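One letter stands for each residue in the lines below.
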Amino acid sequence: MILTYKVKHNRDFSEELRKAKQVAEFGIKYRTISSKDVSQFGLKSMISNQILRKYSKNKKVKSVKSVKLTIPNQGIKVDKDIRNIKIPCVKLSLYYQFPVFEKINQIEIGRDFAYISVTVIEKETQPPINYIGVDRNTTGHIAVVANPETGKIWKLGKKGLHIHNKYKNIRKSLQKQGKYRKVKQIKDRESRIVRDLNHKISKKIVDIAIKDNSGIKLEDLTGIRNNTKHTKSFNYSLNSWSFYQLQMFLEYKAKIQGVEVVYIDPHYTSKSCSRCGLIGNRNGKKFKCTCGYVDHADVNASFNIALKDINIDQSIEERDSIEGNTDIPKAALESYTDGSFV
Ligand SMILES: [Zn+2]
C-alpha cells in the first residue's frame, strides 16, 4: 500500500519553487524531457528530470499554478534508527514520526510541507472468529464500539459533537456579517481538528480489534443520506464527510495490520434489541425492550452491528471497488505537523 505523509519542513524554498515553475512551463511549451534543455534555470537536474517527466508528457496540461520539487527515491537517504530523512540535493533533513514503512518512493516539496510517499507492507489478513461492532451514527460520540464476546464498550470522540457545534455557530455569525473568507478559514480549521480526531479514533479501534483478536464490523452507510426509505438516517450531529473519513482511515490502518473490516446492512441496527432480536423502543439516547433489556441506544446499536450477519456478496465486491478508488491515497494523507502521533 502506498501512503503519503505530510511533514512541515520549516525552510524557505521560494527560490527553488520559482525555478521549478519555470522548468514546468518550459516543459509544457517545448515538450522536452531532457534536463539539459532547462539547465539555464539553475535547478538540480535530478529535480528537473522529475518535473519534466510529470509536465512535458501530459498533453492535457496547458498551464501551471504552483509546482512542487519532486525528489526521486535515489535522491533520498533514510536513517530509520534516528528517524531521519536526508535529501542532499536540497540540503534538507527531516525528522519523521510516522510508523514503519518499507521504502520511500518520492518526496514532493511544497512551500510549507514535504509530501513523503512511502510503500507500506501489509500484514496478511487473518479471518477472525469474532467481531467488534462500530456505530458511527451515534447520539453524542464519533464512534461507539462494542465487543459482544467480552461485553466491553468504548465510547470514542465525545469532543466531536462539541467541536462541530462550536464551529457551526462561529460560521453562522461570520456568514451573517458577510465575512466569507473567514468562514472558509474556520471550515478548514474544523476539518483539521476532525481529521486529527478521526486518525486517533480509527487507530484506537484497530488497536482494540488487535487486542481482542477480532475483525471490525461497520454499517454500510453508502447512499443513506439521500434515501428516506432507510430506517436510519444521519443524525447530522456531525458532518457526514466525517463518517466517510473515519471509514477510510479505519480501512487502511486495519489493512496494514491485517485486521478484517466488513460491512453490514444498517437496517434496524438502532431499533432491534441486541439481546432478543425484537424491535424495541428507542427514545433519544435510551433503548428499552419488552424482554427487560435497557441500555444506551448507541451501545445497543453497536452490539447489533457486531452480531449482525455479513452480507458476503456485498462485503467482498463493494470493498474491492472502494479499494480501487484512486481517491484513497489522498484521503489517507496523514498530518504529523503538530507532532501528534496517530
Ligand atoms: Zn429484547
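Refer to the preceding data block for the structure.
Residues numbered from 1 in each chain as written. Predicted model: local features only at pLDDT ≥ 70, side-chain atom pairs only at ≥ 80, totals over all residues. Heavy atoms only, no water.

The subject of this paragraph is the coordination of the zinc ion. The coordination sphere of the zinc ion, as far as protein atoms go, consists of Cys-273 (SG), Cys-276 (SG), Cys-289 (SG) and Cys-291 (SG), spread over 2.3 Å. Classification of the site at the zinc ion rests on its four donor atoms, whose angles at the metal span 103 to 116°, yielding the label tetrahedral. (Donors = N, O, S within 2.8 Å, 3.2 Å for Na, K, Ca; no water. Tetrahedral: all angles 85-135°; square planar, octahedral: opposite > 155°, others 65-115°.)

Taken in spatial order, the five strands make up an open sheet running β10-β9-β8-β11-β12, and their pairing is mixed. At either end of the open sheet lies a strand with only one pairing partner, and these are β10 (152–156) and β12 (261–264). Within the sheet, the average angular offset between the axes of one strand and its neighbour, ignoring direction, is 25°. Where helix α4 (residues 180–211) meets the sheet, its contacts fall on β8 (130–135), β9 (143–147), β10 and β11 (214–219), and the angle it forms with β10 comes to roughly 170°. (Pairing = 2+ DSSP bridges. Helix = DSSP H or I, 4+ residues; strand = E, 2+ residues; numbered from the N terminus. Axes fitted to C-alpha atoms, helices over the stretch in contact; angles between N-to-C directions. Contact = heavy atoms within 4.5 Å.)

Right, let's get into helix α1 (residues 14–30). Look at α1: 24 Å from first C-alpha to last across 17 residues, which is about the 24 Å you get at 1.5 Å a residue. Regarding α1, the residues found buried are Leu-17, Lys-19, Ala-20, Val-23, Ala-24, Phe-26, Gly-27 and Ile-28. Among the structural elements, α2 (45–55), β2 (69–72) and β6 (103–109) are those in contact with the buried residues of α1. Backbone geometry just after α1 places Arg-31 at a positive phi near 50°. (Expected span 1.5 Å × (residues − 1). Buried < 20%, exposed > 50% of the residue type's maximum accessible area, 1.4 Å probe, protein only.)

On the basis of which strands lie adjacent, the open sheet formed by three strands has the order β3-β4-β5 and antiparallel pairing. Each end of this open sheet is capped by a strand with a single partner; those strands are β3 (77–79) and β5 (92–95). The mean inter-strand angle of the sheet, taken between neighbouring strand axes irrespective of direction, is 20°. In this sheet, β5 lies alongside strand β4 (residues 84–87) in antiparallel orientation, the contact comprising four bridges. In the sheet register, Ile-87 faces β5, and the bridge partner there is Leu-92.

Extensive coverage of β9 is indicated by the burial of five of its five residues. Covered by surrounding structure in β9 are Ala-143, Val-145 and Asn-147 together with Val-144 and Ala-146, the residues of both alternating faces. With five bridges connecting them, β9 and β10 associate as antiparallel partners. Opposite Val-145, over in β10, you have Trp-154 as the bridge partner.

In this description, an aromatic ring pair is defined by two values, namely the gap between the centres and the angle between the planes. Using the criterion set out here, one finds nine aromatic pairs in the structure. Lying over the aromatic face of Phe-101, Lys-80 brings its terminal NZ or CZ to 4.7 Å of the ring centre. Positioned over the ring face of Phe-303 is Arg-275, at 5.7 Å from the centre of the ring. (Phe/Tyr/Trp six-rings, centres within 6.5 Å; stacked < 30°, edge-to-face > 60°. Lys NZ or Arg CZ within 6 Å of the ring centre and 35° of its normal.)

This paragraph deals with unusual backbone geometry. Phi is positive for Arg-31, which is not a glycine, with a value near 50°. Counting through the fold element by element, Arg-31 comes out in the loop between α1 and α2. Even without being glycine, Asn-213 reaches a positive phi, approximately 55°. Looking at the secondary structure, you find Asn-213 in the loop between α4 and β11.

With that settled, consider a positive patch on the surface. Positive charge collects at one region of the surface, where Lys-166, Lys-179, Lys-182, Arg-189 and Arg-192 lie side by side. Per-element accounting of the positive patch gives the leading share, three residues, to α4. By secondary structure assignment, the location of Lys-182 is in helix α4. You can call Lys-182 partly exposed: its relative accessible area is 41%. (Patch = residues over 30% accessible without salt bridge, like charges linked within 9 Å, V, L, I, M, F, W, Y side chains within 5 Å. Areas by Shrake-Rupley, 256 points an atom, 1.4 Å probe, with all protein chains shown as cover. Salt bridge = Lys/Arg side-chain N within 4 Å of Asp/Glu carboxyl O. Lys, Arg positive; Asp, Glu negative; His and termini not counted. Charge placed at Lys NZ, Arg CZ, Asp CG, Glu CD.)

Direction vectors running N to C along α1 and α2 enclose 40°, while the axes themselves pass 9 Å from each other. Judged on the interaxial angle alone, α2 and α1 are oblique. The way α1 lies across α2 gives a crossing that is right-handed. Residue-level inspection shows Ala-20, Val-23, Ala-24, Gly-27 and Ile-28 of α1 in contact with α2, the latter providing Ser-48, Ile-51, Leu-52 and Tyr-55. Looking at the contact of α1 with α2 residue by residue, the class counts come to seven nonpolar, two polar and no charged. (Parallel < 35°, antiparallel > 145°, perpendicular 65-115°, else oblique. Left-handed = near helix turned anticlockwise from the far one by under 90°. Nonpolar A, V, L, I, M, F, W, Y, C, P; charged D, E, K, R; others polar.)

This brings us to the packing of α4 against helix α5 (residues 240–257). Interaxial distance between α4 and α5 falls to 9 Å at its minimum, and their mutual angle equals 40°. With respect to α5, the axis of α4 lies oblique. Two packed elements cross with a definite hand, and for α4 against α5 that hand is right-handed. When α4 is examined against α5, the residues Ser-191, Val-194, Arg-195, Asn-198, His-199, Ile-201, Ser-202, Lys-203, Ile-205, Val-206 and Ile-210 are found in contact with a partner set consisting of Trp-241, Ser-242, Gln-245, Leu-246, Phe-249, Leu-250, Tyr-252, Lys-253, Ala-254 and Gln-257. Partitioning the contact of α4 with α5 into residue classes produces eleven nonpolar, seven polar and three charged.

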